[in-house]
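One-letter residues, chain by chain:
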Amino acid sequence: MFNKIKHLALASSVLSAVVIGIASPVYAEKILRYTSVADASTLDPHALNAQTSIMVASQFFDGLVMRNPKMEKVPALAESWKSLDENTWEFKLRKGVTFHNGNIFNADDVVFTIERTKAATSQMKGYVNTIVDVKKIDDYTVHLITEKPNPVLLDQLINVFIMDKEWSEKHNVTVPQNFKEEEETYAVRHVNGTGAFSLELREPDVKTVFRRNEKWWGHAANKSNVDQVVWTPIKNAATRVAALLSGEVDLLTDMPVQDLERIKSHEKLQVMQTPQIRTIFYGLDVKSDELRSSNVKGKNPFKDVRVRKAIYHAINIKAIQKVVMRNMSVPAGMLIQPSVNGYNASVDENRLPYSVEKAKTLLSEAGYPKGFSVQLDCPNNRYQNDEAICQATVGMLAKIGIKIQLNAQPKTQHFPLITGRKSDFYLLGWGIPTLDSGFIFDYLVHSDGSWNGSGYGSSETDAKIEEIRGVVDPSKRNAIISEIWANVNADLPYVPLHHQVIAWGASKNLTIPIEPNNMPRFYWAQLK
Amino acid sequence: MISFTIKRLFQSVLVMLFVALLSFFLFNFVGDPISNMVGQETSHAEMDELRDRLGLNDPFIVKFGRFLGDAVQGKFGISYRLQRPVDELIVERMPATLELVFLSAVIATVLGVLGGLVTGLKPHSWFSKFILTGSLLGVSLPTFVIGILLIYIFAVTLNWLPSFGRGEVVDIGGWRTGFATVSGWKALILPAITLALYQMTLILRIIRSEMLEVLRTDFIKFARARGLKRWDINFGHALRNTLIPVITVTGLQVGSLIAFSIITETVFQWPGMGSLFIQGVQFADVPVMSAYLVLVALFFVTINLIVDLLYFVVDPRLRSDLKGGH
């Protein structure tokens, strides 16, 4: 008897399963397949200050503030904010937000995150180093106290991703990875954020699968119909493009410039382009008394502004734009790009014109009618066509008598030359995550700047740079910023080349806004 | 025999030590790992602090001593790039490389022996000439060109096979295999052919020339005179005599297949040890590089050791030499 009932029950459940299977339409998941050149080293949002890591973190996590596709600051986990006095900011937090594991988000998580970001092993310290105290007022109110007025606090907070306190304590990841302890921390391959996507699968260097977080607070404001994102990094450029051409991926970043036309002309593919927040330029050692690699002894030709101007005039930037960059660049007259605060369009428009004659005259006036020799240090795996830009420059400078020994090498060897101030003449590119000139001043213009390989700087400029760190009033601040730029653009310790243009290749079925910071946000993606 | 083995073992250890020393010395020139680990916008103080924490400021001999001590215990530290223990990474990546190398070795041996036989037995037929000309491409075209060519034909144009990756893998007791799924096999075909091509050509040409040589010898003529069947002569006598050098070469080539797989893995984004290494080089990921180099050296030394010992077994002349006194 029981057996019969059991059979009956089984049969009916099988039957109903079949019926349901037939009745409900098969829902095809929208899967976005994405490829880029490299994987993120870690999923820990505070362990590494690198573009790929931040791109990944922004899918899983939210900051207090985020940017919309127009790059404007909009509320994220903080619903609103105001400054109570010049050093205190009050943030009202969003209610009803949960982490992927179901934990409730509240002020404790914010306090915890700021402290974690300030930890000795954190690489994101730079974004929070002005914050001296975090106070929990109630569960959904937090006060951030800065050491002195910080005009770019909100911009910095965009890259500070909120982690779950309970989860971090449970898995013993209350501080970011410490390399000295020879073990992997839980947060390198596991994620618990509040963001638009949760982590479904993580195989470093091979595959990462993002799953749509249906409970995300931001779905109303950020429209996306993507259920799943499969990210497979492909190192080799030709293979990466082949994967797009053969329809194995829908979106490709890190596009090789030579394949642009080919993808454009493909019937099922599209190319998106936008100027990147990164400017490429040459740095000249304007400080040393003698150049290390030059045949001019006893003095440093680069100390003379006429020589720097001569080099500027001698570079045919239009030719580089057309031949080397295949129009994937915008000639630059200053070191920042239009979306950065402090940009002045007229400087870009009035960059010194290409003129071999003028360059030669300037060199003669400076006392080098026959030119001189110098070594040019150049990276060969960092920027778009970096080595080719340098090669083109070698020929252009030869026309005015400057003989270049080109030293092109990987960034791992190139960058220490700059940070160690051991290069006479080098290529560098600079991006600005905070979208404010103060960032580049701190690193490249201040005489103590860690990436100021030119040695440029004066006590007056240094004082101005230190001053704007604490000026909140925008008009007063911007006035000082433009003063500093006027000095830099006249002194030319850096010869500007161009702003990089980024291009993404995608299937025509995909719409996703292309961003100047080169980070696709999957929560803005629409798949047909 | 025992003294011979001990001597060989001792030499192998010396070679390993030398490789470790050399590779470690070279790491001084790969650049500064710190600048990769911290991104462009980190201050000098932070970089110095990290450098200190990693022990990069210690003198060479201290670093090398620490490395040797850890390596003997199978510890290679934590990867700067992936922030995970290197031994774990290598164990994770090894199946991909070994499966690729295994299939390539099979393809190279089977097709190489067959091609060698055909071209050796009928050296003047148009088919043999076709194979020989084709095989010339195999040796003269660089691996990455062949790989990209195959991708453009079979992935982009024909859309038959995937252009990258390993397809779906199945975890069998920690060994992630691509042999268990259709997509895994499909993904394996192009890289395996790419990797096999050079070795195949080599085997083909050795067999061919050996066959031509052996077929001219007296004992084959005598076998013909005895009226043996053509099949028995070709396969029972001629081919058997050509196989000794082939076995030696094939054995050694397995080592170079592992080494060569770096390029193939890069072209096909094959998640093996080779691509782990090459990304490590670009990142100045010293722990990964040193572990990989030591491992590959270990493979070579082991294979060499086995081949040496096999010679000893196979070749009676070596044994009589060791007795001394002649």
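Engineer: Before we go on, may I ask you to explain the sheet that holds strand S4 (residues 78-85) of chain A in this structure?
Structural biologist: Within a sheet, adjacent strands bond to each other through the backbone by hydrogen bonds, running parallel or antiparallel. Residue and element names in this part refer to chain A. Taken in spatial order, the four strands line up as S4-S5-S7-S6 in an open sheet, and their pairing is antiparallel. Each end of this open sheet is capped by a strand with a single partner; those strands are S4 and strand S6 (131-138). The sheet shows a mean angle of 20 degrees between the axes of neighbouring strands, direction not considered. Pairing of S4 with strand S5 (residues 88-93), which is carried by six bridges, proceeds in the antiparallel orientation.

Engineer: Can you walk me through unusual backbone geometry in this structure?
Structural biologist: It is generally the case that most residues other than glycine have a negative phi and that most peptide bonds are trans. Residues and elements named next belong to chain A. The residue Asn-327 is not glycine, and still its phi comes out positive at about 65 degrees. Structurally, Asn-327 can be placed in the loop between helix H9 (317-324) and strand S13 (329-331). Since 12 C-beta atoms lie within 10 Å of it, Asn-327 is described here as exposed. For Arg-421, which is not glycine, the phi torsion reads 55 degrees and is therefore positive. Structurally, Arg-421 is set in the loop between helix H13 (411-419) and strand S16 (425-431). A count of 14 C-beta atoms within 10 Å places Arg-421 in the partly exposed class.

Engineer: Any chance you could explain the packing of helix H14 (residues 437-445) of chain A against helix H15 (residues 459-468) of chain A here in plain terms?
Structural biologist: Residues and elements named next belong to chain A. The N-to-C vectors of H14 and H15 enclose an angle of 145 degrees; their axes lie 10 Å apart at closest approach. The interaxial crossing formed by H14 with H15 has left-handed handedness. On H15, the residues touching Gly-438, Phe-441, Asp-442 and Val-445 of H14 are Thr-461, Ile-465 and Ile-468. In the contact of H14 with H15, the residues fall into four nonpolar, two polar and one charged.

Engineer: How should I be thinking about the pairing of S5 of chain A in this particular structure?
Structural biologist: Residues in a regular strand project their side chains so that they alternate between the two faces of the sheet. Residues and elements named next belong to chain A. Here S5 shows one buried face, formed by Trp-89, Phe-91 and Leu-93, and one open face, formed by Thr-88, Glu-90 and Lys-92. Turn length for the S4-S5 hairpin, with the two strands adjacent in sequence and antiparallel, is two residues. Examined bridge by bridge, S5 and strand S7 (residues 141-146) share five bridges and lie antiparallel to one another. Bridge pairing in S7 links Phe-91 to Val-142.

Engineer: Please clarify how the confidence of the model for chain A should be interpreted in this entry.
Structural biologist: Low-confidence regions, as indicated by low pLDDT, have predicted coordinates that should not be scrutinised in detail. Here chain A shows a mean pLDDT of 89. Residues at 70 or above account for 94%. The low-confidence segment residues 8-24 of chain A, where pLDDT is below 50, has zero contacts with residues more than four positions distant or belonging to other chains.

Quick notes on the rules
- Each chain has its residues counted from 1, following the order in which its sequence is written.
- All chains are assigned letters beginning with A, and all ligands numbers beginning with 1, in the order in which they are written.
- Selection of residues for local features in this predicted model requires a pLDDT of at least 70, selection of side-chain atom pairs for listing and counting requires 80 or more, and totals for whole chains, interfaces and linings are taken over all residues.
- Any two strands between which DSSP finds at least two bridges are classified as paired.
- Helix and strand assignments come from DSSP, with helices taken as H or I runs of at least 4 residues and strands as E runs of at least 2, each series counted from the N terminus.
- To obtain an axis, a line is fitted to C-alpha atoms, over the contacting stretch when the element is a helix, and the angle between two such axes runs from 0 to 180 degrees between their N-to-C directions.
- The burial label depends on the number of other C-beta atoms within 10 Å of a residue's C-beta. Counts of 20 or more mean buried, 12 or fewer mean exposed, and intermediate counts mean partly exposed, with C-beta atoms placed from the backbone.
- When the near helix sits turned anticlockwise from the far one by under a right angle, the crossing is termed left-handed; a clockwise turn instead gives a right-handed crossing.
- Two residues qualify as a contact pair if the distance between their C-beta atoms, derived from the backbone, is within 7 Å.
- Under the convention adopted here, Pro, Cys and the residues Ala, Val, Leu, Ile, Met, Phe, Trp and Tyr are nonpolar, Asp, Glu, Lys and Arg are charged, and Gly plus all remaining residues are polar.
- A residue's pLDDT is the confidence the predictor assigns to it, expressed on a 0 to 100 scale.

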